[in-house]
Amino acid sequence: MAAPEDHARLSASASHRWLHCTRAPLLEEQFPERTSVYAEAGRVAHAIAELKARKYFVEPMSPGQYRSRLKKLRDDPNYDKGMDSATDQYLDHLKARAMSYPEPPFIALETRVDYSHIAPSGFGTADCIMIGSGRMDVCDYKNGAGVPVEAEDNPQMMLYALGALNIYRPIYGDTIQTIHLSIIQPNAGGVKDWGVTRAELEHWAEATVRPAAALAWKGEGEFCPGDWCRFCRAKAQCTARAAKLLAPEPKEKTLAEGSLSPEAKTEALAAGAVLLDDTQVGEVLQRALELESWVKDLKDYALSAALAGRAISGFKLVAGRSAREWGDLDTAFQTLQERGVEGAMLWERNPITVAKLEKALGKKNFAKAADGLVAIRPGKPALVPATDKRPAWSPAKAAFGEVTDG
Ligand code: SF4
């Protein structure tokens with residue numbers, strides 16, 4: 001099930017991109033939408049999450065009905081056992097939010113919200129909306145394990161909230177004054193919450209969204225490359241992104257902004273040999289990471305173009321390396337044994353990893369079964385961009401540990 005908002009030009013899920021780069025939505029329309037195994041897994045997990053919430057809050061069903069609907073979803077090839085506990089966490093969060101209202105709130109699931117009064121033809125689908133006592137909750141389940149998503153200042157969630165205020169205005173008028181946004185991402189950091197007032201949300205809508213949306217709808221404004229390019233369908237071929245990544249750094253700027261003293265810079269220039277200082281190393285590395293990701297996008301694009309019969313200058317397709325494998329495994333192994341190969345030689349036993357067993361059993365069952373059996377081996381320190389949400393690691397603290405009295 002593709003979320004219908006995927007087809008909105010100014011979709012909430014792409015808003016981080018079109019709010020920055022107003023030229024993106026129109027440019028993207030010439031590229032086909034692609035799905036991925038992650039998107040397919042997300043589709044199944046969302047459907048399970050919805051079923052659980054529906055059964056608990058809005059559509060009582062017999063255990064038989066529930067089991068049969070759940071079984072259908074579990075039969076999907078993209079289902080995995082970890083989705084059971086992940087969607088339980090989603091339901092637990094919804095229950096906790098519902099309990100926080102002085103009286104049972106109104107609850108709507110998988111609701112099409114409409115923010116077209118701010119962004120032309122803008123609509124999206126909110127996983128769960130709760131309203132009561134002058135408050136509103138908007139909750140969104142995310143199945144991804146890759147990039148943890150923050151709730152604070154999240155434009156997708158803020159647009160959902162604006163859309164929900166809009167569609168429920170005929171019933172609640174302007175009585176909703178505070179809004180609580182939650183992202184439930186069990187596979188990457190758990191629950192992220194953020195509270196915002198209606199006035200703040202409406203100010204953002206007028207000051208930021210409306211002007212950007214007016215440009216983005218018509219494909220006007222400036223191309224603006226940034227980290228939002230990575231989900232843009234034009235990301236491989238966009239010349240604005242290419243120009244940003246390939247633009248040479250002016251030499252004077254590099255030298256002027258480095259940490260060398262003016263005398264050292266003059267000396268270094270005169271000697272014709274300049275070492276990058278640590279500031280410059282950081283700048284080059286940051287650009288190299290963006291280039292690395294762009295090179296991958298280009299390779300993916302060029303391969304699909306070549307497979308579609310187009311010529312990519314300077315490249316050609318070659319046959320993949322062939323691999324040997326057993327024709328029919330059962331027949332092959334039986335025949336091998338008849339020919340004197342020991343059965344024990346035919347199978348290898350490898351211990352299952354902690355992560356794989358947890359995925360197979362689900363978080364709850366795993367926690368019970370593996371209690372006291374898992375050792376934590378600290379990972380090697382890694383260098384990541386300063387914008388990474390993880391706390392910084394200090395070699396000094398790690399070497400000397402906590403200093404305690406006595
Ligand atoms: S790749 Fe980046 S700069 Fe180019 S259109 Fe997409 S978002 Fe804009």
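These lines cover the structure that appears in this document, whether it is placed above or below. On a predicted model such as this, the values are computed, not experimentally measured, just so you know.

**Remarks on the packing of aromatic side chains**
Part 1 of the argument: Per the stated rule, a full pass over the model turns up seven aromatic pairs.
Part 2 of the argument: Relative to Tyr-172, the ring of Phe-106 lies with its centre 6.5 Å away and its plane at 45°, an arrangement referred to as tilted. Here Phe-106 is found in strand 1 (residues 106–114), whereas its partner Tyr-172 is found in helix 6 (residues 155–172), with 66 residues between them in sequence.
Part 3 of the argument: With relative accessibility at 34%, the residue Phe-106 sits in the partly exposed group.
Part 4 of the argument: Note on Tyr-172: relative accessible area 21%, which makes it partly exposed.
Part 5 of the argument: Geometrically, the ring pair formed by Trp-326 and Phe-333 is edge-to-face, given 5.8 Å between the ring centres and 85° between the ring planes.
Part 6 of the argument: The exposure class assigned to Trp-326 is partly exposed, which follows from its relative accessible area of 48%.
Part 7 of the argument: Three or more aromatic residues link up through ring pairs in this structure, and these residues are Phe-106, Tyr-168 and Tyr-172.

**With respect to the site of the ligand**
Part 1 of the argument: Taken together, Arg-17, Cys-21, Ala-24, Leu-27, Phe-223, Cys-224, Pro-225, Trp-228, Cys-229, Cys-232, Lys-235 and Cys-238 are the residues near the ligand.
Part 2 of the argument: Most atoms of the ligand, that is more than half of them, are within 2 Å of grid points of the largest cavity.
Part 3 of the argument: Among the residues forming the shell around the ligand, the class breakdown is 10 nonpolar, no polar and two charged.

**Quick look at the sheet that holds strand 3 (residues 135–141)**
Part 1 of the argument: Spatially, 1-2-3-4-5 is the arrangement adopted by the five strands of the open sheet, whose pairing is mixed. Edge positions in the sheet fall to strand 1 and strand 5 (190–197), since each has one partner strand and no second. Strand-to-strand, the axes of this sheet are offset by a mean angle of 25°, without reference to chain direction.
Part 2 of the argument: Inspection of the sheet shows strand 2 (residues 123–132) paired to strand 3 by five bridges, in the antiparallel sense.

**Topic: the pairing of strand 5**
Part 1 of the argument: With eight bridges connecting them, strand 4 (residues 178–185) and strand 5 associate as antiparallel partners. Note that in strand 5 the partner of Thr-178 across the bridge is Thr-197.
Part 2 of the argument: Here strand 4 folds back onto strand 5 in antiparallel fashion, the turn holding four residues, of which Gly-189 has a positive phi close to 100°.

**Concerning the environment of Lys-52**
Part 1 of the argument: Residue position: Lys-52 is located in helix 3 (residues 37–58).
Part 2 of the argument: Once the C-alpha coordinates of Lys-52 and Asp-153 are considered, the two residues, 101 residues apart in sequence, prove to be 28 Å apart.
Part 3 of the argument: When residues no more than four places from it in sequence are discounted, the contact partners of Lys-52 are Tyr-66, Asp-84, Thr-87, Asp-88 and Leu-91.

**Observations concerning the pattern of salt bridges**
Part 1 of the argument: Considering all chains together, one arrives at 25 salt bridges under this definition.
Part 2 of the argument: The salt bridge involving Asp-88 is made with Lys-52; its shortest N-O contact spans 2.8 Å. One end of the pair, Asp-88, is in helix 5 (residues 82–99); the other, Lys-52, is in helix 3, with 36 residues separating them in the sequence.
Part 3 of the argument: The partly exposed category is assigned to Asp-88, whose relative accessible area is 23%.
Part 4 of the argument: Accessibility expressed as a relative area gives 7% for Lys-52, which makes it buried.

**Structural notes on a nonpolar patch on the surface**
Part 1 of the argument: Together, Val-354, Leu-373, Val-374 and Ile-376 make up a nonpolar patch on the protein surface, roughly 430 Å² of accessible area in all.
Part 2 of the argument: By the element assignment, Val-374 lies in the loop between helix 14 (363–369) and helix 15 (395–400).

**Considering empty space enclosed by the protein**
Part 1 of the argument: Across all of its chains, the model carries one cavity of 30 Å³ or more by this definition.
Part 2 of the argument: If you trace the largest cavity, you find 15 residues lining it, with Cys-21, Ala-24, Cys-229, Cys-232 and Cys-238 closest to the centre.
Part 3 of the argument: Those elements giving two or more residues to the lining of the largest cavity turn out to be helix 2 (24–28) and helix 8 (239–246).
Part 4 of the argument: For the lining of the largest cavity, the class distribution of residues is 12 nonpolar, no polar and three charged.

**Side note on the nonpolar core**
Part 1 of the argument: Counting 38 residues, the largest nonpolar core has Trp-18, Met-136, Ile-179 and Leu-181 as its most contacted members.
Part 2 of the argument: Counting only elements with at least two residues in this core, the list comes to helix 1 (15–20), strand 1, strand 2, strand 3, helix 6, strand 4, strand 5 and helix 7 (198–218).
Part 3 of the argument: Of all the elements, helix 6 adds the most residues to this core, at nine residues.
Part 4 of the argument: Once residues within four sequence positions are removed from consideration, Met-136 is found in contact with Tyr-101, Ile-129, Met-130, Ile-131, Ala-161, Ala-164, Leu-165, Ile-176, Thr-178, Ile-179 and His-180.

**Points about the side chain of Ser-85**
Part 1 of the argument: Along the chain, Ser-85 turns up in helix 5.
Part 2 of the argument: Assessed through its relative accessible area of 9%, Ser-85 is described here as buried.
Part 3 of the argument: Discounting residues that sit within four places of it in the chain, Ser-85 has contacts with Gly-362, Lys-363 and Lys-364.

**A short note on the environment of Thr-353**
Part 1 of the argument: Structurally, Thr-353 can be placed in the loop between helix 12 (329–338) and helix 13 (354–361).
Part 2 of the argument: Separated by 58 residues in sequence, Thr-353 and Val-295 place their C-alpha atoms 32 Å apart.
Part 3 of the argument: Separated by 3.1 Å, the side chain of Thr-353 and the backbone nitrogen of Lys-356 make a polar contact.

**Quick look at helix 8**
Part 1 of the argument: Buried within helix 8 are the following residues: Ala-240, Arg-241, Ala-242 and Leu-245.
Part 2 of the argument: Tucked into the core, helix 8 has its buried residues touching helix 11 (278–307).

**Brief notes about the environment of Pro-60**
Part 1 of the argument: Of note, Pro-60 is situated in the loop between helix 3 and helix 4 (63–74).
Part 2 of the argument: Among the residues examined, Pro-60 registers a relative accessible area of 74% and is labelled exposed.
Part 3 of the argument: Spatially, the C-alpha atom of Pro-60 lies 30 Å from that of Ala-367, the residues being 307 residues apart in sequence.

So, how was this worked out
- Residues numbered from 1 in each chain as written.
- Predicted model: local features only at pLDDT ≥ 70, side-chain atom pairs only at ≥ 80, totals over all residues.
- Heavy atoms only, no water.
- Phe/Tyr/Trp six-rings, centres within 6.5 Å; stacked < 30°, edge-to-face > 60°.
- Helix = DSSP H or I, 4+ residues; strand = E, 2+ residues; numbered from the N terminus.
- Buried < 20%, exposed > 50% of the residue type's maximum accessible area, 1.4 Å probe, protein only.
- Near = heavy atom within 4 Å.
- 1 Å grid on protein atoms, 1.4 Å probe; cavity = no way out; pocket = protein on both sides within 12 Å on 5 of 7 lines; lining within 4 Å.
- Sits in = over half its atoms within 2 Å of the grid points.
- Nonpolar A, V, L, I, M, F, W, Y, C, P; charged D, E, K, R; others polar.
- Pairing = 2+ DSSP bridges.
- Axes fitted to C-alpha atoms, helices over the stretch in contact; angles between N-to-C directions.
- Contact = heavy atoms within 4.5 Å.
- Salt bridge = Lys/Arg side-chain N within 4 Å of Asp/Glu carboxyl O.
- Patch = residues over 30% accessible without salt bridge, like charges linked within 9 Å, V, L, I, M, F, W, Y side chains within 5 Å.
- Areas by Shrake-Rupley, 256 points an atom, 1.4 Å probe, with all protein chains shown as cover.
- Points joined across faces, edges and corners; volume = space filled by probe spheres on them.
- Core = buried A, V, L, I, M, F, W, Y, C linked by side-chain atoms within 4.5 Å.
- Polar contact = N/O pair within 3.5 Å; in protein donor to acceptor, adjacent residues only side chain to side chain.

Worth remembering: the numbers are spatial, not functional.
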